[in-house]
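Coordinates in review
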Amino acid sequence: MNNIQSDNYIVYFNDSITELAKFVKQGNYSRAFILTDEHTTEHCLPIVKEQLDELDNFDLIEVNAGEESKTIDFCIGIWKTLIDFGADRKALLINLGGGVITDMGGFVASTYKRGIDFVQVPTTLLSQVDASVGGKTGVDMDAVKNIIGTFTQPKAVFMYGGFLQTLPARQILSGLAEMLKHGLIVDKTYWDQLKISDLTLPSDELVHRSVQIKNEVVIADPHEKGIRKALNFGHTVGHAVETWSLMNDTDPLSHGEAIAIGMICEAWLSNKKIGLPDSELLEITEVLIHLYPRYKIDEGTFPTLLEHMQKDKKNQNGQINCTLLKHIGKYSIDNICTEDELCDSLRYYAD
Ligand code: NAD
Ligand code: ZN
């Protein structure tokens, strides 16, 4: 498996933890900080530490695990810690964790002293195939996801499949949704391969292909003006369902579980609006329904879901915009969907 060249940085797949240690040593940093949550401190830090132990000058900053931590308040805590430790512009932040840590750590680093270097060491499947590549950093505010943030590229990304060994099955499924999405938007062969693979612990090769796809798309369009919108397939409806679930469920949907629902609804919209063949709609629906638990969406929640879709930062001129599929492996951006169409797509899922 090759390392992947991204926009001015390398995504390491081979001996990645050794490469991380090398990177830190060769970077002549004044100090290295590792950002973790309690789960990655327990499961992932020991793996990294083995290689980094010989380093002086590295300090741990731990935040509580979970999306609730992805806020400005937690950023303030991290900024304060950096100040207390006397971190200067030559400090390095190593983000060791899932998407919460890589998004928030990237944001903290991109703003501290107008920007210090950071690297991503993604430890969940979702952060490996999605969050750690592409340069989007940020935090949530007032229940709006990723509303505050920057586009800032890391100095490197280190992929290590071994981290997934301790990841709960539900978190694997969450990342898997983005892998399936990558196949659906641009690579039918990959989708076909995923359909027949054992997906309880996706292989390094499958992860690699997914990162390749994400990387190709974001390199072509780093600031989301065109083709990058392809990655939004499933996310217009999915984000609304995710936000609703975060605010109303005691055990909220994961990102990927919500996106899987969004992909079913948006495949239905693709079929109705731009001619995704019936057989492909059926195939997508069956694969996703088989992999993901059913979620109850009542008619009564539709108005709130539509409100969330209206607030989506991808919209322009107040119209709800979806990325749809012409075929499996062929996306189409900027499809305006009416509220009635979106409600019908939710009904398709609910039935
Ligand atoms: P997460 O960071 O909350 O991780 C999920 C859970 O897994 C946490 O409890 C974490 O502590 C635990 N965990 C992490 N690694 C582990 C390991 N190896 N073993 C055991 N437990 C482990 O969430 P996530 O699902 O990784 O990421 C979700 C976040 O990513 C969201 O905030 C989303 O907005 C963001 N995201 C960003 C982008 C982007 O382009 N920047 C893309 C997709 C998602
Ligand atoms: Zn996503």
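Quick caveat: nothing in here was measured; it's all calculated off a predicted structure. (Residues numbered from 1 in each chain as written. Chains lettered and ligands numbered in written order. Predicted model: local features only at pLDDT ≥ 70, side-chain atom pairs only at ≥ 80, totals over all residues.)

**Brief notes about the overall build of the protein chain**
- A count of helical and extended segments in the protein chain gives 14 helices and eleven strands.
- Computed over the C-alpha atoms, the radius of gyration of the protein chain is 20 Å, within 12% of the 20 Å expected from 2.2 N^0.38 for a compact globule of 351 residues.
- Its C-alpha atoms put the protein chain at 60 × 40 × 35 Å along the principal axes.
- Looking at the protein chain as a whole, 48% of its 351 residues qualify as buried.
- Across the protein chain, every contact between residues at least 6 apart in sequence was considered, and the portion connecting residues at least 24 apart equals 76%. (Helix = DSSP H or I, 4+ residues; strand = E, 2+ residues; numbered from the N terminus. Rg over C-alpha atoms; globule rule 2.2 N^0.38 Å. Buried ≥ 20, exposed ≤ 12 C-beta atoms within 10 Å, placed from the backbone. Contact = placed C-beta atoms within 7 Å.)

**Here we look at the site of ligand 1**
- Close to ligand 1 lie 31 residues, the nearest being His-39, Gly-98, Gly-99, Val-100 and Thr-124.
- Looking at the shell around ligand 1, the elements that each hand over two or more residues are α2 (38-43), α5 (99-111), α6 (125-131), β8 (144-151) and α7 (169-186).
- In terms of residue class, the shell around ligand 1 is made up of eight nonpolar, 16 polar and seven charged.
- Residues lining the shell around ligand 1 come from more than one domain, with at least three contributed by each of domain 1 (4-166) and domain 2 (169-350). (Near = placed C-beta within 6 Å. Nonpolar A, V, L, I, M, F, W, Y, C, P; charged D, E, K, R; others polar. Domains from an automatic or database assignment.)

**Focus on the domain arrangement of the protein chain**
- Split into domains, the protein chain comes out as domain 1 (4-166) and domain 2 (169-350).
- Distance from the C-alpha centre of domain 1 to the C-alpha centre of domain 2: 27 Å.
- Between domain 1 and domain 2, the residue contacts involve 22 residues of the former and 28 residues of the latter.
- Of all the secondary structure elements, the ones that give two or more residues to the side of domain 1 that touches domain 2 are α6 and β8.
- With five residues, the top contributor of residues to the side of domain 1 that touches domain 2 is α6.

**As for the packing of α7 against helix α9 (residues 204-220)**
- Where α7 meets α9, the axes come as close as 9 Å, and the angle between the chain directions of the two elements is 55 degrees. Of the possible angle classes, the one that applies to α7 and α9 is oblique. Crossing handedness for the pair α7 and α9: left-handed. Together, Met-179, His-182 and Val-186 of α7 and Leu-206, Ser-210, Ile-213 and Lys-214 of α9 make up the contact between the two elements.
- Across the contact of α7 with α9, the residue classes tally to four nonpolar, two polar and one charged. (Axes fitted to C-alpha atoms, helices over the stretch in contact; angles between N-to-C directions. Parallel < 35°, antiparallel > 145°, perpendicular 65-115°, else oblique. Left-handed = near helix turned anticlockwise from the far one by under 90°.)

**Points about the nonpolar core**
- Judged by nonpolar contacts, the single largest core of 101 residues is most densely connected at Phe-33, Leu-92, Ile-94 and Phe-158.
- In terms of domain composition, this core takes at least three residues from each of domain 1 (4-166) and domain 2 (169-350).
- Setting aside residues up to four positions removed in sequence, Phe-33 forms contacts with Phe-58, Asp-59, Ile-61, Leu-82, Ala-87, Ala-91, Leu-92, Leu-93 and Ile-94. (Core = buried A, V, L, I, M, F, W, Y, C linked by C-beta atoms within 7 Å.)

**Digging into the sheet that holds strand β2 (residues 10-12)**
- Spatial strand order, β1-β2-β9-β6-β5-β3-β4: seven strands in an open sheet with mixed pairing. On the outer flanks of this sheet lie β1 (4-5) and β4 (58-63), each paired with one strand and no other.
- In the sheet, strand β3 (residues 31-37) pairs with strand β5 (residues 91-97) via five bridges, with the strands oriented parallel. If you follow Leu-35 over to β5, its bridge partner there is Asn-95. (Pairing = 2+ DSSP bridges.)

**Overview of the packing of helix α4 (residues 72-84) against α5**
- In the contact formed by α4 and α5, the axes pass within 10 Å of each other and the chain directions differ by 55 degrees. The pairing of α4 with α5 is recorded here as oblique in orientation. Between α4 and α5 the crossing geometry is right-handed. Counted together, Phe-74, Cys-75, Ile-78 and Trp-79 of α4 and Met-104, Phe-107 and Val-108 of α5 form the full contact between these two elements.
- Classifying every residue of the contact of α4 with α5 gives seven nonpolar, no polar and no charged.

**Brief notes about α4**
- For α4, built from 13 residues, the straight-helix expectation of 18 Å at 1.5 Å per residue is met to within 8% by its first-to-last C-alpha distance of 18 Å.
- Burial in α4 covers these residues: Cys-75, Ile-78 and Leu-82. Looking down the long axis of α4, one finds its buried residues gathered within 65 degrees of arc, a one-sided arrangement. Residues of α4 that are exposed and angled more than 90 degrees away from the buried face: Asp-73, Ile-76, Lys-80, Ile-83 and Asp-84.
- Residues of α4 that are buried sit in contact with β3, β4, β5, α5 and β7 (136-141).
- Residue Gly-86 follows α4 closely and has a positive phi angle near 70 degrees. (Expected span 1.5 Å × (residues − 1). Arc of directions from axis to C-beta.)

**Some details on the pairing of β7**
- In terms of burial, β7 is a largely internal element, five of the six residues being buried.
- Of the pairings in the sheet, the one linking β7 to β8 comprises five bridges and is antiparallel in character. Counted as the bridge partner of Gly-138 is Gly-149 from β8.

**Overview of the confidence of the model for the protein chain**
- Per-residue pLDDT for the protein chain averages 94, and the proportion of residues at 70 or more is 98%.
- Model confidence for the complex is summarised by a pTM of 0.95, with the ipTM given as 0.99. (pLDDT = per-residue confidence, 0-100.)

**Describing the environment of Leu-92**
- Note that Leu-92 resides in strand β5.
- Here the alpha-carbon distance between Leu-92 and Phe-33, two residues 59 residues apart in the chain, equals 6.1 Å.
- The residues touching Leu-92, leaving out its near neighbours within four places in the chain, are Val-24, Gly-27, Tyr-29, Ala-32, Phe-33, Ile-116, Asp-117 and Phe-118.

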